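Descriptive analysis of the structure
As a plain string of letters, each chain reads:
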Amino acid sequence: MTGAEMLLLALACFLAGGVGATLGLGGGVFIVPLLTIWLDVPVHQAAGTSLVCVLATSAAGSIALDRTRLADPRLVAYLGVATVLGGAASAVVAPAVSPRLVFGLFGLATGWATWRLVARLRAPAAAAQMGPAQQPEGPTNLGVGVGACVGAGVASGLLGIGGAPVQVPVMTEVMRVAAPVAFATSNVMVGVTAAASTAAYYGNGLIRADLAAPAALASAVGAYVGGRLAPRLPVRPLITFFVAVLVYLTGRMLWKAIAPGA
Amino acid sequence: MEGDRAGRLTTHAVTAALLLGSLCLVAGLLRGLPPGAVVARPGELLRADGPALVGLGVLLLVLAPIARLVGLGAGFWQAGQRGPLAATATMLVVLALSFVAASAREW
């Protein structure tokens, strides 16, 4: 990788970290496609490398959010154990999963994230902004939330993402948790889940040092900056832009799953 | 007040893990990372070359969520909340076992 490519990778991961912190998506949904499509990194190495970025962005984002005290510790505990178990188990089997299947599942994951962003665009303006919460009824439906978070953990372990695209809508729409609380809680859970998933990739030698170092550093800075700026950023234009990005990435990942010789 | 203090300590611990991990990543970059190199595993960390420094950085980054969980657990312990405390302890055990298993692969 040339110096220019490393700088571009760092810039892209800075944006991915910032977007992840601002929109509650997590950076993994951008970083894995970035590595596989642009740098032609084998998908399992891309997933392992992305998990290191997720660790860094979660830590940086949670430090930025600590002063708000929005994360719900009980939700972190009960939902986190589900994601950790799912992530640890799926990461163990991930290297044996066909790369085409991983691409296909990733395409579904980015498609889901796209749909969730579009739903936020169509929601009333106040609901799309990450500002002070509406008064929630939650948390309710804890059992459903725990079950869904097992799925989020499995996605994390297989795909190298943090699980936020599953965790946040589950908390806000099924468990009736206020959106800012869900974002902050998910930020903590994502780091814990990524740590559990990272272990298996680390043991299997699937984390690229030459990519993880610049990508994790840049995404951590981006996440910290994004976390601090989030309440002041215009969310709707950001969401619109990243819906377009995700539509493109979804198409590319699904193509890699089905195209002959891809 | 105790909760505030515990929260601040947790933030400091997470910050320290992130900063130390980041320093190791920077050191690894400066040391040089061959194209395609994977991070060094526990038995190779003493080499102190680029991949070893990045490997150490990864392990330090993993300490950040672990520090967060320890802080949460301490809060649940003080508040006498057994359910969340058990869940937090379970997560810590799973994390520890995962890394022990990962490290044992090379032997």
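What counts, and where the lines are drawn
Residues numbered from 1 in each chain as written. Chains lettered and ligands numbered in written order. Predicted model: local features only at pLDDT ≥ 70, side-chain atom pairs only at ≥ 80, totals over all residues. Heavy atoms only, no water. Helix = DSSP H or I, 4+ residues; strand = E, 2+ residues; numbered from the N terminus. Rg over C-alpha atoms; globule rule 2.2 N^0.38 Å. Salt bridge = Lys/Arg side-chain N within 4 Å of Asp/Glu carboxyl O. Polar contact = N/O pair within 3.5 Å; in protein donor to acceptor, adjacent residues only side chain to side chain. Contact = heavy atoms within 4.5 Å. Buried < 20%, exposed > 50% of the residue type's maximum accessible area, 1.4 Å probe, protein only. Disulfide = S-S within 2.5 Å. Buried area = accessible area lost by both parts, 1.4 Å probe. Patch = residues over 30% accessible without salt bridge, like charges linked within 9 Å, V, L, I, M, F, W, Y side chains within 5 Å. Areas by Shrake-Rupley, 256 points an atom, 1.4 Å probe, with all protein chains shown as cover. 1 Å grid on protein atoms, 1.4 Å probe; cavity = no way out; pocket = protein on both sides within 12 Å on 5 of 7 lines; lining within 4 Å. Points joined across faces, edges and corners; volume = space filled by probe spheres on them. Nonpolar A, V, L, I, M, F, W, Y, C, P; charged D, E, K, R; others polar.

**Thoughts on the overall build of chain B**
Scanning chain B from terminus to terminus reveals three helices and zero strands. Mapped in sequence order, the helices and strands of chain B form the string α-α-α. The globule rule puts the C-alpha radius of gyration for 107 residues at 13 Å, and the 17 Å found for chain B is more than 25% above it. Here the C-alpha coordinates of chain B stretch approximately 50 × 30 × 20 Å along the principal axes.

**Some words on the pattern of salt bridges**
Residue and element names in this part refer to chain A. Applying the stated criterion across every chain yields a total of three salt bridges over all chains. Here R116 makes a salt bridge to E173, at a shortest N to O gap of 1.9 Å. You can see R116 sitting in helix 5 (residues 99–122) and its partner E173 sitting in helix 8 (residues 164–174), a full 57 residues away along the chain.

**Comments concerning the side chain of S219 of chain A**
Residues and elements named next belong to chain A. Checked against the element boundaries, S219 lands in helix 10 (residues 209–229). From its side chain, S219 meets the backbone oxygen of A216 in a polar contact 3.2 Å long. Ignoring anything within four residues of it in the chain, the contact list for S219 reads C13, F14, G17, C53 and T57.

**Some thoughts on helix 8 of chain A**
Residues and elements named next belong to chain A. Within the sequence span of helix 8, burial applies to A164, P165, Q167, V168, P169, V170 and M171. Its buried side turned inward, helix 8 meets helix 2 (28–38), helix 4 (73–93), helix 5, helix 7 (142–159) and helix 9 (179–203). R176 lies just past helix 8 and shows a positive phi near 60 degrees.

**So, the state of the cysteines**
All names here are of chain A. Tallied over the full model, the rule gives zero disulfides over all chains. The structure places no disulfide on C53, whose sulfur is separated from the nearest cysteine sulfur, that of C13, by 5.0 Å. Residue classification places C53 among the buried residues on the basis of a relative accessible area of 1%.

**As for the interface of chain A and chain B**
With 41 residues of chain A at the interface, the matching set in chain B holds 44 residues. Summing both partners gives a buried area of about 3500 Å² for chain A against chain B, and 77% of it is carried by carbon and sulfur. Its largest share of buried area at the contact with chain B, chain A owes to Y202, A209 and L217 of chain A, together 19% of the area lost on that side. Taken together, chain A and chain B are joined by zero salt bridges.

**Quick notes on a nonpolar patch on the surface**
Residues and elements named next belong to chain A. Together, L8, L11, L15 and W38 line one region of the surface with nonpolar side chains, adding up to about 390 Å² of accessible area. A total of three residues in the nonpolar patch trace back to one element, the largest contributor, which is helix 1 (residues 3–23). Locating W38 in the fold gives a position in helix 2. With relative accessibility at 36%, the residue W38 sits in the partly exposed group.

**Some thoughts on empty space enclosed by the protein**
One pass over the structure, following the stated rule, counts two cavities of 30 Å³ or more. Empty space within the largest cavity amounts to approximately 190 Å³. Considering the residues around the largest cavity, the lining is formed by 20 residues, among which G20, A21, G24, G26 and N187 of chain A are closest to the centre. Elements represented by at least two residues in the lining of the largest cavity include exactly helix 1, helix 3 (43–66), helix 8 and helix 9 of chain A. Per element, the largest residue contribution to the lining of the largest cavity is five residues, and it comes from helix 9 of chain A. When grouped by side-chain class, the residues that make up the lining of the largest cavity number 11 nonpolar, nine polar and no charged. Approximately 60 Å³ is the volume attributed to the second largest cavity. Around the second largest cavity, the lining residues are S58, A59, S62, V188, G191 and V192 of chain A together with V14, A64, P65 and R68 of chain B. Secondary-structure elements contributing two or more residues to the lining of the second largest cavity are helix 3 and helix 9 of chain A together with helix 2 (50–79) of chain B.

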